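What follows is each chain in one-letter form.
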Amino acid sequence: MKKVITYGTYDLLHLGHIRLLKRAKALGDYLIVAISTDEFNAVKGKQAFYPYAVRKEMVEAIRYVDEVIPENNWDQKQADIDTHDIDVFVMGDDWKGKFDHLKNVEIVYLPRTENISTTQIKQDLHDQ
Ligand code: C2G
């Protein structure tokens, strides 16, 4: 079984997230999504609209997703890859090059979906 992992905040779930997860799943048979906890988001300088439990429940409901685990820090990726026996590590290409140090895993950066982001949604709603 080919296992894929990806990481993110996944706040205000949108088509960019869905398309990333769809393409990530297509690279294997089993997709794990590591969702940033509220505490780690603070470290990332992000204030998610929805708490971790809500973001987790929403991502778990996506047909492409097989498992959700918490992302607690920047440094857990190699341990996750080893523990979960991951074959493919996937991120959107805004992260291109940032995780090339990871070992024993195929690293794939996928093009982001244009013209959508959590920040954009917040801004558009605010401007209405
Ligand atoms: N994404 C995308 N297209 C968009 C927006 C996001 O493909 N229009 C992708 C991002 O590239 C990322 C994933 O969707 O792979 C989740 O995006 P975020 O929730 O913004 O995640 P981020 O804050 O980048 O956290 O340790 C890694 C971090 O946790 C990544």
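To be clear, the structure that these remarks concern was listed above.
Residues numbered from 1 in each chain as written. Predicted model: local features only at pLDDT ≥ 70, side-chain atom pairs only at ≥ 80, totals over all residues. Heavy atoms only, no water.

Engineer: Help me out: how do you make sense of the site of the ligand in this one?
Structural biologist: Within the structure, the ligand sits among 21 residues, and K46, E71, D94, T113 and I116 are positioned closest to it. Contacts to the ligand include G92, whose backbone N or O atom sits 3.0 Å from an oxygen atom. Relative to its free-state accessible area of 640 Å², the ligand is covered by the protein chains to the extent of 95%. Within the residue set of the shell around the ligand, elements represented by two or more residues are strand 1 (3–8), helix 1 (15–25) and strand 4 (88–92). Of the residues forming the shell around the ligand, the biggest block, three residues, is contributed by helix 1. Residues belonging to the shell around the ligand are distributed by class as follows: seven nonpolar, eight polar and six charged. (Near = heavy atom within 4 Å. Polar contact = N/O pair within 3.5 Å; in protein donor to acceptor, adjacent residues only side chain to side chain. Areas by Shrake-Rupley, 256 points an atom, 1.4 Å probe, with all protein chains shown as cover. Helix = DSSP H or I, 4+ residues; strand = E, 2+ residues; numbered from the N terminus. Nonpolar A, V, L, I, M, F, W, Y, C, P; charged D, E, K, R; others polar.)

Engineer: Before we go on, may I ask you to explain helix 1 in this structure?
Structural biologist: Structural remark: α-helix, 3.6 residues per turn; residues separated by three or four positions point the same way. Taken together, the buried positions of helix 1 are occupied by G16, H17, L20, L21, A24 and K25. Burial along helix 1 is one-sided: seen end-on, the buried residues are contained in an arc of 160°. Here the buried face of helix 1 lies against strand 1, strand 2 (30–36), helix 3 (52–60), strand 4, strand 5 (106–110) and helix 5 (118–127). (Buried < 20%, exposed > 50% of the residue type's maximum accessible area, 1.4 Å probe, protein only. Arc of directions from axis to C-beta. Contact = heavy atoms within 4.5 Å.)

Engineer: Where do I start with the packing of aromatic side chains in this structure?
Structural biologist: Aromatic ring pairs: the centre-centre distance and the angle between the two ring planes describe each pair. Applying the stated criterion to the full structure yields six aromatic pairs. Taken together, a centroid distance of 5.0 Å and an interplanar angle of 80° make the contact between F40 and W74 edge-to-face. Of this pair, F40 sits in helix 2 (residues 38–44) while W74 sits in the loop between strand 3 (67–71) and helix 4 (77–83), and the two are 34 residues apart along the sequence. Since its relative accessible area comes to 1%, F40 is described here as buried. Taken together, a centroid distance of 5.0 Å and an interplanar angle of 80° make the contact between F49 and Y50 edge-to-face. Ring pairing ties together the aromatic residues Y7, F40, W74, F89, W95 and F99, which thus form one cluster. (Phe/Tyr/Trp six-rings, centres within 6.5 Å; stacked < 30°, edge-to-face > 60°.)

Engineer: For this particular structure, what's the right way to read the side chain of T113?
Structural biologist: Mapped onto the secondary structure, T113 falls in the loop between strand 5 and helix 5. Excluding residues within four positions of it along the chain, T113 makes contact with L15, G16, R19 and R23.

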